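Reading the structure
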Amino acid sequence: MSSDERYPVLPLKNVVAFPGTFLTLLVGRPASVRAVERALEQGKRILLLAQRDGGIDDPDPSDLYQVGTLGRIAEWRRGDAGNYEVGVEGLARARVCETYSGDEFLEASVKIEREAEPNPRAGQALARHLLESLSRLSELSPSFPSEALENVRRSKTLGFMTDMAAGYALRGVSERQRVLEAVPVRERMELLIALIEDEIEVLEVEQRIRQKVRRQVDRSQKEFWLREQLKAIHEELGTDLASEIDELRRRAEAKLMPQEVAEKVFKEIARLERMPQVSPEGTVARTYLELLLSLPWTERSEDRLDIAVAKEVLDSDHYGLQQVKERILEFLAVYRLTREKSGSVKGPILCLVGPPGVGKTSLGQSIARAMSRRFVRISLGGIRDEAEIRGHRRTYVGALPGRIIQAMRSAGTVNPVIMLDEIDKLGTDFRGDPAAALLEVLDPEQNHAFVDHYLEVPYDLSAVVFITTANSTHTIPKALLDRMEVIEIGGYSEDEKVQIARRHLLPKQLRIHGIDPRYIEISDRMFRYVIYHYTNEAGVRGLERRLAAICRKAARQLVEGRTARIRITPHRLLEYLGPPRRVHALRVATSQVGVALGMAWTEYGGDILPVEVISMPGAGQLITTGRLGEILQESAKTALSYARSRSKLLPEEAVPPQGTDFHVHLPEGAVPKDGPSAGVAIAVALVSAMVRRPVRNDVAMTGEITLRGRVLPVGGLKEKILAAHRAGLREVIVPKANEPDLLELPQSVRRELKFHLVETVDEVLDLVLLPSSEALPLDSWPIAGGQLTVDFG
Ligand code: ADP
């Protein structure tokens, strides 16, 4: 049915009105207000047309859908601002025929759409379906009004039912408009059901997502809660496993390690994670991981192998030692060349040999500094257990890695300089042979995969520079000695010590004690005084200690303000260091019968060694005391036979009677002595005792003898002569064959000493035996002990 009647048009924003429903609308737009007023004047009919776009305020006819609802204004109220609140009852579907744009508002003529109800069976089925869908929707959508279902069910016709249901169920303008435009009821119902099902589907998905989110929130809440609990437990126990494991993993990921090691680390972390929190096993795993993660695997320091720089460093750190420094520089040059050529270094290991305090350790430090590498020292003294080098298996309680691995850890780089100190003091016993393990450490063929029992994974030591030290080479296991290049450092003369003290030791001690060098004055004479009266050593360690003591006392006086500047005098030294306490090399106060001054070499440098002999009635035996080794005993026998053969040259009355015993004693009684070099001194003392002529007490002698009185060369000459010099002696007798060794002595020492180079014992006797007139009668010879005085200088 179409009519020519024109109805005022009320454009609707964001809403579609359905016939059979009641709509309350707020009308504010001027055109709409005018349309409402016109409707109220004209039978209250108004055409409700939805806008295609809710955002337009002043719509043209083209902005409006062409199907709408003809309504009747059932209620209205005019607001103060001229706006209206109207209640409109939807009457029928209306299709616009023509639109008229008046001055103030739109009008339209319409065709009322008649709708055909479906056949009852199909209608019923559709209605049931629709109601079911709607009820499902109402369950899912929280905003669905509770009375809606009932209202829909009570609708009089299927058309109204569908329209009302659409009014409740659909939100979107375009969907509602589609339902509005579906005129045949069956088609409308099917469309609405499909739309509702779509909506249900969307809502179900939403719900699933919501539930999932909720579950996740629930779970993470639970985890959070559990974690908090765990944290509290760990706090109670004083541990924090979770963060510890995280931390370990983080460190493991950040650390560069060989594949094999990384695998081990992650396996071990996983194992630790599964262990009970507080267990001995956990502690073992932790310490082990700690080691793996703190060991350097790839970290290395940039090498510097500039020989000029190395020379500078060695010179600035050490006074003198020219030959030693040369050897070290040669070593570094070879190191550099072999490395450049083959990438690896298979050269020998340096071994610095010498008495304590001659600078072996500090030379090692300088080598490290020159190469710009880290320096670590391992003391091997007294190590008897192979496990000290190679570690204990982790299954042992309190197992530790060996010293090599420990040193690597403290170095923190794979290429440090490692000093193996006192390699001559290694022991061997039932616990294995540490020397064998060391051999592996030092062997370039093997040490790229050194196995420590604790570590388990092989460790590459090939980039390490090993330097060893020893006091003497005698007790270094032969296999080790073969691998090493020995550099001997003999000990210092007094002059050298003065220079070392002035240039190095004192400045160092002043620095340590925070004393400004201007506040303290020590003359060379005073250094000498300290050296002579307060020390007795080949090196300078004791000297350094004395200087430290001086600095300590001086610092106190300076701080107390008792003096502004300190000049060191013998008097001050008495105050600072006490009375001179040097136990001088057993110097003999007077020339005596049966006492000759030998010279000895010890690990602690040289020393002078008086040989005492007495003769007494007996069975013609040779007695030796003073812990003489086999070689020394033999050389005493040789000396006696030689002396006896010489006594034949004596006047009758001077020849000792048959059956005279000779007793040879070497102080100090408790120190074991050995070696052939005391031969000359023993022979001289024996002859002296036989012929009762005293031996000069200002000449020291050394040399091995043959049965027929020839003098053979000896070792350790430099130390021996330095010791004689230290003891204040100014003449020495040395084997002629040792003449080249004298060149090793410092100039100053050579200048001050008079050397007698001899080939036979007879020459020695000529030099040292004093005229017999000064000899004491046989029966008044003092007994050994009484003859010696300890000279305190
Ligand atoms: P060692 O290892 O041979 O027992 P050290 O290296 O411990 O001796 O030396 C003891 C001290 O003497 C160190 O402070 C060292 O620097 C110093 N020293 C030794 N020789 C010299 C030298 N020729 N020049 C400077 N200082 C030296």
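Refer to the structure above for everything that follows.
Described below are features of the structure shown in this document.

Cut-offs and rules
- Residues numbered from 1 in each chain as written.
- Predicted model: local features only at pLDDT ≥ 70, side-chain atom pairs only at ≥ 80, totals over all residues.
- Heavy atoms only, no water.
- Helix = DSSP H or I, 4+ residues; strand = E, 2+ residues; numbered from the N terminus.
- Rg over C-alpha atoms; globule rule 2.2 N^0.38 Å.
- Buried < 20%, exposed > 50% of the residue type's maximum accessible area, 1.4 Å probe, protein only.
- Contact = heavy atoms within 4.5 Å.
- Areas by Shrake-Rupley, 256 points an atom, 1.4 Å probe, with all protein chains shown as cover.
- Polar contact = N/O pair within 3.5 Å; in protein donor to acceptor, adjacent residues only side chain to side chain.
- Pairing = 2+ DSSP bridges.
- Patch = residues over 30% accessible without salt bridge, like charges linked within 9 Å, V, L, I, M, F, W, Y side chains within 5 Å.
- Salt bridge = Lys/Arg side-chain N within 4 Å of Asp/Glu carboxyl O.
- Arc of directions from axis to C-beta.
- Phe/Tyr/Trp six-rings, centres within 6.5 Å; stacked < 30°, edge-to-face > 60°.
- Lys NZ or Arg CZ within 6 Å of the ring centre and 35° of its normal.
- Near = heavy atom within 4 Å.
- Axes fitted to C-alpha atoms, helices over the stretch in contact; angles between N-to-C directions.
- Lys, Arg positive; Asp, Glu negative; His and termini not counted.
- Charge placed at Lys NZ, Arg CZ, Asp CG, Glu CD.
- Parallel < 35°, antiparallel > 145°, perpendicular 65-115°, else oblique.
- Nonpolar A, V, L, I, M, F, W, Y, C, P; charged D, E, K, R; others polar.

Okay, the overall build of the protein chain next. Check the secondary structure of the protein chain and you find 25 helices and 24 strands. Relative to the 2.2 N^0.38 estimate, which gives 28 Å for 793 residues, the radius of gyration of the protein chain is 56 Å and therefore markedly larger than a compact globule would have. Projected onto its principal axes, the C-alpha positions of the protein chain cover 180 × 60 × 55 Å. Sorting the 793 residues of the protein chain into buried and exposed places 48% on the buried side. For the protein chain, restricting intrachain contacts to residue pairs at least 6 apart in sequence, the fraction spanning at least 24 positions comes to 73%. Of the roughly 39200 Å² that the protein chain leaves accessible, carbon and sulfur atoms contribute 51%.

For Glu113, the location among the structural elements is in the loop between strand E6 (106-112) and helix H2 (120-140). For Glu113, a relative accessible area of 12% gives the class buried. Of note is the side chain of Glu113, whose polar atom sits 2.8 Å from the side chain of Arg95. When residues no more than four places from it in sequence are discounted, the contact partners of Glu113 are Arg93, Arg95 and Val183.

Right, let's talk about the pairing of strand E16 (residues 605-617) for a bit. Burial analysis of E16 places 10 of its 13 residues in the buried class, the great majority of the element. The pairing of E16 with strand E18 (residues 660-665) spans six bridges and is antiparallel. Directly across from Ser615, in E18, lies its bridge partner Phe662.

So, about a nonpolar patch on the surface. A cluster of nonpolar side chains, contributed by Val205, Ile209, Val213 and Val217, occupies part of the molecular surface with about 300 Å² of accessible area. Take Ile209: it is sitting in helix H6 (residues 185-237).

Turning our attention to the pairing of strand E10 (residues 465-470). Taken across its six residues, E10 has six buried, putting it largely inside the fold. Burial along E10 is two-sided: the residues Val465, Ile467 and Thr469 and Phe466, Thr468 and Ala470 are all buried. Bridging between strand E7 (residues 349-353) and E10 involves four bridges; their strand directions are parallel. Among the inter-strand pairings, Leu350 is bridged to a residue of E10, identified as Ile467. Judged from the four bridges that link them, strand E9 (residues 417-421) and E10 form a sheet pairing that is parallel. Residue Leu420 lies in a different strand from E10, and its bridge partner there is Thr468.

What follows concerns unusual backbone geometry. The phi dihedral of Ser372 falls on the positive side, at around 60°, and the residue is not glycine. Structurally, Ser372 is set in the loop between helix H12 (360-371) and strand E8 (375-379). On the basis of relative accessibility, which here comes to 31%, the residue Ser372 falls in the partly exposed class. Here Arg692, not a glycine, exhibits a phi torsion of approximately 55°, which is positive. Among the secondary structure elements, Arg692 is positioned in the loop between helix H22 (679-691) and strand E19 (694-695).

As a further point, take helix H14 (residues 403-411). Those residues of H14 that fall on the buried side of the exposure criterion are Ile404, Ile405, Ala407, Met408 and Ala411. Axial view of H14: buried residues confined to an arc of 155°, hence all on one face. Buried positions along H14 lie against helix H9 (280-294), E8, helix H13 (386-390), E9 and helix H15 (434-442). Directly after H14, the chain includes Gly412, whose backbone phi takes a positive value near 80°.

On to the packing of aromatic side chains, then. One pass over the structure, following the stated rule, counts four aromatic pairs. Residues Phe144 and Tyr168 carry aromatic rings whose centres are separated by 6.4 Å and whose planes lie at 55° to one another, so their mutual orientation is tilted. Highlighted residues: Phe144 in the loop between H2 and helix H3 (148-153) and Tyr168 in helix H4 (residues 158-169), separated in sequence by 24 residues. When sorted by exposure, Phe144 lands in the same class as Tyr168, which is buried. Taking the centre distance of 5.9 Å and the plane angle of 75° together, the rings of Tyr288 and Tyr454 count as edge-to-face. Of this pair, Tyr288 sits in helix H9 while Tyr454 sits in the loop between H15 and E10, and the two are 166 residues apart along the sequence. In this pair, the class of Tyr288 matches that of Tyr454, namely buried. The residue whose ring lies beneath Arg6 is Tyr100, and the NZ or CZ to ring-centre distance is 3.7 Å. The aromatic ring of Tyr288 is capped on one face by Arg394, whose charged end is 3.5 Å from the ring centroid.

Here we take up the site of the ligand. In the vicinity of the ligand lie 19 residues, with Gly357, Lys360, Thr361, Lys508 and Arg541 positioned nearest. Interatomic distance of 2.8 Å between a side-chain N/O atom of Lys508 and an oxygen atom of the ligand. Between an oxygen atom of the ligand and a side-chain N or O atom of Arg541, the distance comes to 2.2 Å. Out of a free accessible area of 560 Å², the ligand has 90% covered by protein chains. Going through the elements one at a time, H12, helix H17 (494-513) and helix H19 (541-560) are the ones with two or more residues in the shell around the ligand. Ranked by residue count, the leading element in the shell around the ligand is H17, at four residues.

The next subject is the sheet that holds strand E15 (residues 595-602). Within the open sheet, the seven strands sit side by side as E17-E18-E16-E15-E20-E23-E24. Their pairing is mixed. Edge positions in the open sheet fall to strand E17 (622-625) and strand E24 (754-758), since each of these has one partner strand only. Strand-to-strand twist in this sheet, taken as the mean axis angle between neighbours without regard to direction, amounts to 30°. Alignment of strand E20 (residues 699-701) against strand E23 (residues 731-735), held across three bridges, turns out to be parallel. Bridging across to E23, Val699 finds its partner in Glu731. Where helix H23 (residues 717-726) meets the sheet, it contacts E15, E16, E20, E23 and E24, and its direction lies at approximately 80° from that of E16. The sheet strands contacting helix H25 (residues 761-768) are E20, E23 and E24, and the helix crosses E24 at an angle near 145°.

The next point concerns the pattern of salt bridges. One side chain can pair with another of opposite charge once the charged atoms of both are near each other. Evaluated as defined, the whole model comprises 54 salt bridges. The partner of Lys478 in a salt bridge is Asp482, and the shortest N-O contact between them spans 3.3 Å. Within this pair, Lys478 and its partner Asp482 are both found in helix H16 (residues 478-483), separated by four residues, close to a single helical turn. Asp482 matches Lys478 in its accessibility class, with the two residues each being exposed. A salt bridge links Arg730 to Glu752; its shortest N-O distance comes to 3.5 Å. Separated by 22 residues along the polypeptide, Arg730 in the loop between H23 and E23 and Glu752 in helix H24 (residues 747-752) bring together distant segments of the chain. Overlapping salt bridges, with partners in common, bring together Lys264, Glu268, Arg271, Glu281, Arg394 and Glu456 in one network.

On the surface, a cluster of positive charge is contributed by Arg208, Lys212, Arg215, Arg219 and Lys222. Within the secondary structure, Lys222 is located in helix H6.

With that settled, consider the packing of H19 against helix H20 (residues 570-577). Their axes nearest at 10 Å, the elements H19 and H20 cross at an angle of 95°. Classified by the angle their axes make, H19 and H20 are roughly perpendicular. Two secondary-structure elements touch here, H19 through Arg546, Ala549, Ile550, Lys553, Ala554 and Gln557 and H20 through Arg572, Leu573, Glu575, Tyr576 and Leu577. The residue makeup of the contact of H19 with H20, split by class, is six nonpolar, one polar and four charged.

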